[in-house]
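What follows is each chain in one-letter form.
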Amino acid sequence: MRKRGLAGVVIATETFRPLVLAQARARKLEPHLIVVKHPVGGLNAAELEERIEAAFAGLKLEMGV
Amino acid sequence: MPDAEVLDIPDMDPDAWADYVEQQGWTDGLPLVPPTEAAVARMVEGARGDNEPVPPITPRLMTPTIRSLAANAVMAGCRPEYFPVVLAALRGVLVADYNLHGTLATTHSCAPMVMINGPLRKTLNVNCGSNCFGQGWRANAAIGRALQLILNNVGGAKPAVMDRLTFGSPAKYTFCFGENEEESPFAPYHVRQGFAADESVATVISSEPNHNLNDHGSTSGIDLLTTFAGGIASPAANNISAKGPFFIVFGPEHAATLARDNWTVEAIQQFLFDKARVPLSEVSAENRYRYETGGNFPENGAFKVAPTPEDIHVAVAGGPGKHSAWIPSFGGTAAISVRIKPPAAA
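Because the structure is a prediction, the values reported are computed rather than measured.

Draft legend 1. Local environment of the sheet that holds strand β4 (residues 211-214) of chain B. All names here are of chain B. Strand order across the open sheet formed by four strands is β4-β9-β5-β8, with mixed pairing between neighbours. Two strands close off the open sheet at either side, each with one partner strand: β4 and β8 (312-316). Adjacent strand axes in the sheet meet at a mean angle of 25°, parallel and antiparallel pairs treated alike. Pairing of strand β5 (residues 246-250) with strand β9 (residues 323-327) involves three bridges; the strand directions are antiparallel. Within β9, the position partnered with Val-249 by the bridge is Ala-325. Running over the sheet, helix α11 (residues 252-260) touches β4, β5, β8 and β9 and is turned about 90° from β5.

This is the structure:
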């Protein structure tokens, strides 16, 4: 995707960061990783807002905007 | 030239060996049988003539050699004659629809269930009767354990690192049994899947351990099925949120009652599909949204627990007693049956 000029990122929680990196290594990939606090599931809207803001900030950084 | 596949490990006593394999991260927690070159060679011989390559094993995506697989079968305690069953089960979990990657990366408590059909059950002394999901039979214990060790040591599914189950389950050590074809009133499972009765077959599915279905009171097939439909209609099982199959394993006594009342496998599947429903009153609004997003929409005020009647897989196993078993699955998986290749003649 990056070769086509698209921002390709993986958003993961901090708990699953090692798993994502290990999976990427197995596929010889170097993912652009945006890490947010764990968990994401089971949160109410206010609790989720922090994760959304962190992910969005990381995404903007990756997109250069 | 040194053999890259052979580790030169000095002789050590059993206690030191148990500590060594623990330090290496090779064990499931229990001591392992030392995979000496001679023992591995005997195991490889158990699959003589099987030249079909085994695909790369997720998550590490290493293409296994036959000796690496044999070494894990030795460590699990397999006899060489078990090895073709281990290979068939492994090939089953590597079929794309089984979804090995998803079943390892998930937090759900799933493990590979292995059910064996056909004449090899008897040859290998696979327990199909009393306590078939439990301890006491080397074939059941070692075949399931070998599959797990291969996933751990060759595939790289290290517990709590790459294998991320919240709880795991006892089935992660081993979950292997045979269908009790001799006491089943129905055609054997593998025959219903299109195999010949004289073929031996390993069937795998990513599942939870067995959940007991107790009915000592009912005396008719329809009453038994009504009990079971209630037992499997759970709003908290993966099968409601992720489309997928599961197993109902009837104990021989329940199976006999069903057959006496003229219940066919197809009729049982249809009855359970129609009656095992989770009412909307037991489902939160958030979960309803999740299930519907996944394609499971309520019908007549209730959710299905299987996409189709055929996703309710029926088998017979176990011994005397008024019990049957529900084996809930990961959901996003499939039941895969693979023919076990007998070793070629020397």
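Draft legend 2. Layout of the nonpolar core. If you look at the biggest cluster of nonpolar residues, it comprises 53 residues, and the most contacted ones within it are Ile-57, Leu-69, Phe-83, Leu-90 and Val-93 of chain B. With 32 residues, the next largest nonpolar core counts Ala-233, Phe-250, Val-265 and Val-278 of chain B among its residues.

Draft legend 3. Layout of the sheet that holds strand β2 (residues 176-178) of chain B. Residues and elements named next belong to chain B. The sheet built from four strands is open, its strands ordered β2-β1-β3-β10 with mixed pairing. Two strands bound the open sheet, and with one partner strand each, they are β2 and β10 (336-339). In this sheet, adjacent strand axes meet at a mean angle of 25° when their direction is disregarded. Sheet topology note: the strand β1 (residues 111-117)/β2 ladder contains three bridges and is parallel. Paired with Ile-116 across the bridge in β2 is Gly-178. Here helix α4 (residues 83-93) sits on the sheet in contact with β1, β3 (201-207) and β10, set at roughly 45° to β3. Contacting β1 and β2, helix α7 (residues 138-153) runs over the sheet at an angle of about 140° to β1.

Draft legend 4. Quick peek at the environment of Met-113 of chain B. Residues and elements named next belong to chain B. Inspection of the secondary structure puts Met-113 in strand β1. A sequence separation of 63 residues divides Met-113 from Cys-176, and the C-alpha atoms of the two residues are 6.0 Å apart. Excluding its chain neighbours within four sequence positions, the residues that come into contact with Met-113 are Phe-175, Phe-177, Thr-203, Val-204, Ile-205, Ser-207, Phe-247 and Ile-327.

Draft legend 5. Fine view of the packing of helix α9 (residues 221-232) of chain B against α11 of chain B. Residue and element names in this part refer to chain B. The geometry of α9 relative to α11 is characterised by a closest axis approach of 8 Å and an angle of 130° between their N-to-C directions. For the element pair α9 / α11, the angle class is oblique. Contacts from Gly-221, Leu-224, Leu-225 and Phe-228 of α9 reach α11 at His-254, Thr-257 and Leu-258. Across the contact of α9 with α11, the residue classes break down as four nonpolar, three polar and no charged.

Draft legend 6. Representation of the interface of chain A and chain B within the structure. Taken together, the contact pairs seven residues of chain A with ten residues of chain B. When chain A packs against chain B, the two sides together hide about 720 Å² of surface, and 63% of this comes from carbon and sulfur. The largest contributions to the chain A side of the interface with chain B come from Phe-16, Leu-19 and Gln-23 of chain A, which together make up 53% of the buried area. Along the contact surface separating chain A from chain B lie zero salt bridges. Scanning the region where chain A abuts chain B turns up one residue pair in polar contact (both at pLDDT 80 or more).

Draft legend 7. Broad picture of the packing of aromatic side chains. All told, the structure shown has ten aromatic pairs over all chains when counted by the stated rule. Measuring from ring centre to ring centre gives 6.4 Å for Phe-246 of chain B and Trp-326 of chain B, while their planes differ by 80°; the resulting arrangement is edge-to-face. With Phe-246 of chain B in strand β5 and Trp-326 of chain B in strand β9, the pair connects residues that are 80 residues apart, well separated along the chain. Neither residue differs from the other here; Phe-246 of chain B and Trp-326 of chain B are each classed as buried. Positioned over the ring face of Phe-16 of chain A is Arg-164 of chain B, at 4.6 Å from the centre of the ring. The ring of Phe-273 of chain B has Arg-277 of chain B lying over it, and the distance from NZ or CZ to the ring centre is 5.0 Å.

Draft legend 8. Quick peek at the pattern of salt bridges. Residues and elements named next belong to chain B. Under the criterion given, the structure shown has 19 salt bridges over all chains. We note a salt bridge from Glu-299 to Arg-277, for which the minimum N-O separation is 3.3 Å. Of the two residues, Glu-299 is situated in the loop between α13 (285-293) and β7 (302-304) and Arg-277 in strand β6 (residues 277-279); the sequence distance between them amounts to 22 residues. Residue classification places Glu-299 among the partly exposed positions, given a relative accessible area of 37%. The partner of Glu-299 in a salt bridge is Lys-304, and the shortest N-O contact between them spans 3.4 Å. We classify Lys-304 as buried; its relative accessible area is 12%. Sharing partners across several salt bridges, the network here consists of Asp-50, Glu-52, Arg-91 and Lys-341.

Draft legend 9. Focus on the domain arrangement of chain B. Residue and element names in this part refer to chain B. The assigned domain composition of chain B is domain 1 (1-181) and domain 2 (209-328). Of note, the centres of domain 1 and domain 2, computed from C-alpha atoms alone, are 30 Å apart. Contacts between the two partners involve 17 residues from domain 1, matched on the other side by 14 residues from domain 2. Between domain 1 and domain 2, roughly 1000 Å² of surface is buried when both sides are summed, and carbon and sulfur atoms account for 71% of that area. Counting across the domain 1 and domain 2 interface gives zero salt bridges. Counting the contacts that link domain 1 with domain 2 gives four residue pairs in polar contact (both at pLDDT 80 or more). Elements with a contribution of two residues or more to the side of domain 1 that touches domain 2: β1 and β2. For the side of domain 1 that touches domain 2, the residue count by class is nine nonpolar, seven polar and one charged.

Quick notes on the rules
Residues numbered from 1 in each chain as written. Chains lettered and ligands numbered in written order. Predicted model: local features only at pLDDT ≥ 70, side-chain atom pairs only at ≥ 80, totals over all residues. Heavy atoms only, no water. Pairing = 2+ DSSP bridges. Helix = DSSP H or I, 4+ residues; strand = E, 2+ residues; numbered from the N terminus. Axes fitted to C-alpha atoms, helices over the stretch in contact; angles between N-to-C directions. Contact = heavy atoms within 4.5 Å. Core = buried A, V, L, I, M, F, W, Y, C linked by side-chain atoms within 4.5 Å. Buried < 20%, exposed > 50% of the residue type's maximum accessible area, 1.4 Å probe, protein only. Parallel < 35°, antiparallel > 145°, perpendicular 65-115°, else oblique. Nonpolar A, V, L, I, M, F, W, Y, C, P; charged D, E, K, R; others polar. Buried area = accessible area lost by both parts, 1.4 Å probe. Salt bridge = Lys/Arg side-chain N within 4 Å of Asp/Glu carboxyl O. Polar contact = N/O pair within 3.5 Å; in protein donor to acceptor, adjacent residues only side chain to side chain. Phe/Tyr/Trp six-rings, centres within 6.5 Å; stacked < 30°, edge-to-face > 60°. Lys NZ or Arg CZ within 6 Å of the ring centre and 35° of its normal. Domains from an automatic or database assignment.

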